[in-house]
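Next come the chains, spelled out residue by residue.
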Amino acid sequence: MTNKVEQLNQLKQQALQGGGKARVESQHKKGKLTARERLLLLLDEGSFEEIGMLVTHRCRDFDMENEVYLGDGVITCYGTIAGRPVYVFSQDFTVFGGSLSETHAEKIVKIMNLALQNGVPVIGLNDSGGARIQEGVVSLGGYADIFYRNVQSSGVIPQISAIMGPCAGGAVYSPAITDFILMVEHTSYMFVTGPNVVKTVTHETVSSEELGGAHTHASKSGVTHFACANEVECIENIKQLLSYMPQNCEEDAPSIAYPAGNELRLALDTLIPANPNQPYNIKDVIAELADEESFMEVHKDFAENIVVGFARIAGKSIGIVANQPAYLAGVLDINSSRKGARFVRFCDAFNIPLLVLVDVPGFLPGTDQEWHGIITNGAKLLYALSEATVPKVTVITRKAYGGAYDVMNSKHIGADLNYAWPTAEIAVMGAKGAAEIIFKKEISQAENPAGKWAEKEAEYNEKFATPYGAAARGFIDEVILPSQTRQKLIKGFTMLQNKVVKMPKRKHGNIPL
Ligand code: HXC
């Protein structure tokens with residue numbers, strides 16, 4: 001028996017070595033943690049339970065039978081984060097560069113199946129050189145097995161991908177299907193084809209960092225939702241992100257205890273500038289409306305004209321979508337529409353109520369926008385908000401013009417409570433442009449056309465650029481003082497907490513992709 005125990009201990013010790021001391025040192029020298037160190041940081045102390053520690057590859061080509069590592073380059077496990085179960089895979093770059101073999105893929109698939117069957121989130125810590133080159137097509141098959149499960153799990157359990165090293169080629173498509181991607185600055189990159197291929201095909205010279213580093217994907221492509229300064233920050237962000245989510249689509253997100261207090265927010269009464277064209281920062285509004293320090297912004301550096309993120313109101317998770325007047329006047333364009341739509345669909349899939357803050361001058365004009373499909377892309381946000389059946393509350397702080405009024409969670413597309421501040425301007429278009437079109441003749445025939453135009457602009461403003469026309473029709477449920485907004489939201493979301501909407505029977509809708 002002693003021999004048997006010793007044998008087991010030896011095997012375990014061997015597995016814990018990964019690719020060996022030298023490769024672990026090289027990993028550390030690059031500023032990266034090992035796969036096991038990352039798991040220790042991520043999971044609650046003592047909760048780590050490994051699955052498949054003794055799995056080895058089956059490759060017998062290229063002398064691979066002589067190079068075998070227990071675990072085969074990925075640690076798969078379950079454990080808890082803040083007491084809640086999660087399944088995790090963590091790729092071990094010290095073993096064949098974390099590359100994905102047939103058995104490596106099987107290990108990931110095994111925990112993905114368990115996660116789906118048990119209604120538990122899956123987290124992937126990616127650090128891999130891609131397909132195991134020695135294995136050929138079985139590796140490609142392994143990827144496809146993972147992609148397929150990513151799709152089956154989409155909208156059923158939350159899926160989070162952290163990129164902590166290379167993630168290239170077709171391997172990018174598993175993270176791409178998951179709900180959130182986090183990247184670590186300077187040590188991670190994602191691209192379909194790397195700098196060498198790019199150079200050959202398009203003659204562009206570009207570094208890995210510039211082509212697919214965290215900053216690039218956080219600000220230019222929007223592929224990643226978070227760019228993290230280092231691995232520790234990345235892991236902390238994963239934990240915070242999970243705290244807003246339920247375990248699966250059948251559950252509600254966890255609430256945290258919230259002591260009731262004075263919910264008036266007087267600072268909001270003077271926040272909107274007197275000049276309607278002067279910007280202000282919508283994040284100042286969010287900070288007043290959400291529980292203290294509860295706002296976690298998603299996609300912070302991408303399409304900054306819309307702000308999205310999770311927060312809590314009286315301890316309960318909500319998703320916020322807000323036009324940002326401080327960036328491009330809060331206009332809706334292709335990227336902000338895509339960003340907003342994706343976030344709304346996550347919240348709706350996972351029963352997280354939505355708060356939409358509106359200050360939008362309309363859609364961005366121009367050939368660039370039209371030729372790249374503002375029509376299709378703008379429709380994504382309209383579609384996503386229309387199909388969302390979670391509690392939906394809107395607050396119009398200032399402008400709600402044109403089609404953007406409809407899109408931004410108007411009553412007409414199923415919002416439950418629509419509030420407006422007295423500063424709201426709800427109209428077909430801005431008063432200046434409106435006056436120019438409908439009073440064209442009068443203005444051109446006037447002795448002083450500029451004066452006439454200003455006079456007509458003021459007339460239009462007084463008549464339409466207010467919340468009262470919309471309130472008279474019930475499109476706005478109440479015009480409220482800004483300082484009362486938080487109180488209204490606490491009561492409103494409580495009133496809506498048992499909302500049930502039955503959708504027409506269908507296989508699935510056809511969101512304009
Ligand atoms: C097998 C691999 C490997 C791979 C790296 N290694 N990538 N082994 N298959 N794909 C091994 C190396 O041989 C090396 O082994 C160890 O991992 C570390 O690699 P280094 O090159 O020394 O590390 P580094 O300099 O940091 O460079 C990392 C890297 C580079 C940029 C990822 O290794 C690289 O370019 N690898 C190949 C990437 C690639 O072309 N993958 C296939 C893409 S196609 P030793 O023994 O020296 O430690 C693909 C298709 C997916 O992924 C399709 C899905 C649909």
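Everything quoted here is computed from the prediction, not taken from an experiment. Within every chain, residues take consecutive numbers counted from 1 along the sequence as written. Local features in this predicted model are restricted to residues whose pLDDT is 70 or higher, and side-chain atom pairs enter the listing and the counts only when it is 80 or higher, whereas totals over whole chains, interfaces and linings include all residues. Note that water and hydrogens are dropped before the side-chain values are worked out from all heavy atoms of the structure.

The subject of this paragraph is the overall build of the protein chain. Under the DSSP-based scheme used, a helix requires at least four consecutive residues in state H or I and a strand at least two consecutive residues in state E, with every element numbered from the N terminus. The helix and strand inventory of the protein chain stands at 20 helices and 17 strands. By principal-axis analysis of the C-alpha atoms, the protein chain measures approximately 100 × 60 × 45 Å. Burial classes follow relative accessibility: with a 1.4 Å probe on protein chains only, a residue under 20% of its type's maximum area counts as buried, one over 50% as exposed, and anything between as partly exposed. For the protein chain, the proportion of its 513 residues judged to be buried stands at 50%. Where accessible areas are quoted, they stem from the Shrake-Rupley method and a 1.4 Å probe; at the residue level, only the protein chains shown are allowed to cover. Accessible surface for the protein chain amounts to roughly 23900 Å². Of this, 55% is attributable to carbon and sulfur atoms. Between the mean site of the 48 positive side-chain charges and the mean site of the 57 negative ones, the protein chain shows a separation of 4 Å. For this count, His and the chain ends are skipped, Lys and Arg are scored as positive, and Asp and Glu as negative. A charged residue contributes its charge at one atom only: NZ of Lys, CZ of Arg, CG of Asp or CD of Glu.

Now for the pattern of salt bridges. One side-chain nitrogen of Lys or Arg within 4 Å of one carboxyl oxygen of Asp or Glu is enough to make a salt bridge. All told, the structure shown has 22 salt bridges when counted by the stated rule. Residue Glu-67 pairs with Arg-23 through a salt bridge whose shortest N-O separation is 3.9 Å. Of this pair, Glu-67 sits in the loop between β1 (49-51) and β2 (74-81) while Arg-23 sits in helix α2 (residues 21-29), placing them 44 residues apart in sequence. The class of Glu-67 is partly exposed, set by a relative accessible area of 30%. Among the residues examined, Arg-23 registers a relative accessible area of 38% and is labelled partly exposed. Of the charged contacts in the structure, one is a salt bridge between Asp-291 and Arg-486, with a shortest N-O distance of 3.0 Å. Here the residue Asp-291 occupies a position in the loop between α11 (282-289) and β10 (296-298), and Arg-486 occupies one in helix α20 (residues 485-495), the gap between them amounting to 195 residues. Its relative accessible area of 6% is what places Asp-291 among the buried residues.

It is worth spelling out α11 at this point. Residues Ile-282, Val-285, Ile-286 and Leu-289 constitute the buried set of α11. Take α11 and look down its axis: the buried residues cluster within an arc of 100°, on one side only. The definition of a polar contact used here is a pair of N or O atoms within 3.5 Å, where within protein one atom must be able to donate a hydrogen and the other to accept one, and adjacent residues in sequence count solely through side-chain atom pairs. N-capping of α11 is provided by Asn-281, with a side-chain oxygen placed 2.9 Å from the backbone N of Lys-283. Throughout, the arc means the angular range of directions from the helix axis out to the C-beta atoms.

What makes a residue near a molecule or strand is one non-hydrogen atom of that residue sitting within 4 Å of it. Within the structure, the ligand sits among 20 residues, and Arg-23, Gly-97, Gly-129, Ala-131 and Ile-133 are positioned closest to it. Between Ser-99 and the ligand, the recorded distance is 3.4 Å, taken from a side-chain N or O atom to a nitrogen atom. Counting residues per element, the ones that place at least two in the shell around the ligand are α5 (137-153) and β6 (166-168). The element contributing the most residues to the shell around the ligand is α5, with 3 residues.

Here strand β12 (residues 316-323) lies mainly inside the structure; 7 of its 8 residues are buried. Connecting strand β11 (residues 306-313) to the next strand, β12, in antiparallel fashion are 2 residues, including Ala-314 with a positive phi near 50°. Pairs of strands are assigned from DSSP output, requiring at least two bridges between the strands. In terms of strand pairing, β12 meets strand β13 (residues 354-360) through 4 bridges, oriented parallel. Among the inter-strand pairings, Gly-319 is bridged to a residue of β13, identified as Leu-354. Here a crossover is taken to be right-handed if, once the strands point away from the viewer, the path from the first strand over the helix to the second is traced clockwise. Tracing the backbone out of β12, into helix α12 (residues 334-349) and back to the parallel element β13 gives a crossover that is right-handed.

Before going further, it helps to examine the packing of helix α4 (residues 102-118) against α5. Between N-to-C directions, angles cover 0 to 180 degrees, with each direction set by a line fitted to C-alpha atoms, over the stretch in contact for helices. Packing of α4 against α5 brings their axes to within 8 Å, and their N-to-C directions diverge by 15°. In terms of axis orientation, α4 runs roughly parallel to α5. Crossing hand, α4 versus α5: left-handed. Along its contact with α4, which presents Glu-102, Ala-105, Ile-108, Val-109, Met-112, Asn-113 and Leu-116, the element α5 presents Val-138, Gly-142, Asp-145, Ile-146, Arg-149, Asn-150, Gln-152 and Ser-153. A breakdown of the residues in the contact of α4 with α5 according to their chemical character gives 7 nonpolar, 5 polar and 3 charged. By the definition adopted for this analysis, an angle is roughly parallel if under 35 degrees, roughly antiparallel if over 145, roughly perpendicular if from 65 to 115, and oblique otherwise. Here is the rule for handedness: rotate from the far helix to the near one, and if that takes an anticlockwise turn smaller than a right angle the crossing is left-handed, while a clockwise turn gives right-handed. Contact between two residues is taken to exist if any of their heavy atoms lie within 4.5 Å; hydrogens are not considered. Only Asp, Glu, Lys and Arg are considered charged, only Ala, Val, Leu, Ile, Met, Phe, Trp, Tyr, Cys and Pro nonpolar, and every remaining residue, Gly among them, polar.

Bringing the nonpolar core into the picture now. Formed by 61 residues in total, the largest nonpolar core has its most connected members in Val-88, Ile-123, Leu-125, Ile-238, Phe-310, Val-321 and Ile-396. Ranked by size, the runner-up nonpolar core spans 26 residues in total, among them Leu-268, Leu-355, Ile-490 and Phe-493. We define a nonpolar core as any set of buried Ala, Val, Leu, Ile, Met, Phe, Trp, Tyr and Cys residues linked to one another through side-chain atoms lying within 4.5 Å.

With that settled, consider a nonpolar patch on the surface. What goes into a patch is any residue over 30% in relative accessible area without a salt bridge, connected to like charges within 9 Å or, for nonpolar side chains (Val, Leu, Ile, Met, Phe, Trp, Tyr), within 5 Å. Where nonpolar side chains cluster on the molecular surface, the patch consists of Val-428, Met-429, Ile-437 and Ile-438 and spans about 400 Å² of accessible area. Residue placement: Met-429 occurs in the loop between β16 (425-427) and α16 (431-438).

One non-glycine residue, Phe-62, lies in the positive phi region at around 50°. Backbone geometry at His-203 places phi at a positive 65°, although glycine is not the residue there. Tracing the backbone shows His-203 in the loop between α7 (195-202) and α8 (208-212).

Before going further, it helps to spend a moment on the packing of aromatic side chains. One pair of aromatic rings is described through two measures. These are the centre distance and the angle between the planes. Only rings of Phe, Tyr and Trp enter the pairing, Trp through its six-membered ring, and a pair is recorded when the two centres are within 6.5 Å. The plane angle decides the type: under 30 degrees is stacked, over 60 is edge-to-face, the rest tilted. Per the counting criterion, the structure on display carries 11 aromatic pairs. Centroid distance Phe-180 to Phe-346: 4.9 Å. Interplanar angle 70°. Geometry classified as edge-to-face. With Phe-180 in strand β7 (residues 180-184) and Phe-346 in helix α12, the pair connects residues that are 166 residues apart, well separated along the chain. Given the relative accessible area of 5%, Phe-346 is considered buried. Ring geometry for Phe-310 versus Phe-346: centroids 6.0 Å apart, planes at 80°, classification edge-to-face. One end of the pair, Phe-310, is in strand β11; the other, Phe-346, is in helix α12, and 36 residues separate them in sequence. Residue Phe-310 is classed as buried on the basis of its relative accessible area, which comes to 0%. Aromatic ring contacts, followed pair by pair, group Phe-180, Tyr-244, Phe-310, Phe-343, Phe-346 and Phe-350 into a single cluster. Put simply, a charge is over a ring when the Lys NZ or the Arg CZ is close to the ring centre, within 6 Å, and near the line of the ring normal, within 35 degrees. Stacked on the ring of Trp-453, the Lys or Arg Lys-432 has its end atom at 4.8 Å from the ring centre. Lying over the aromatic face of Phe-439, Lys-456 brings its terminal NZ or CZ to 4.6 Å of the ring centre.

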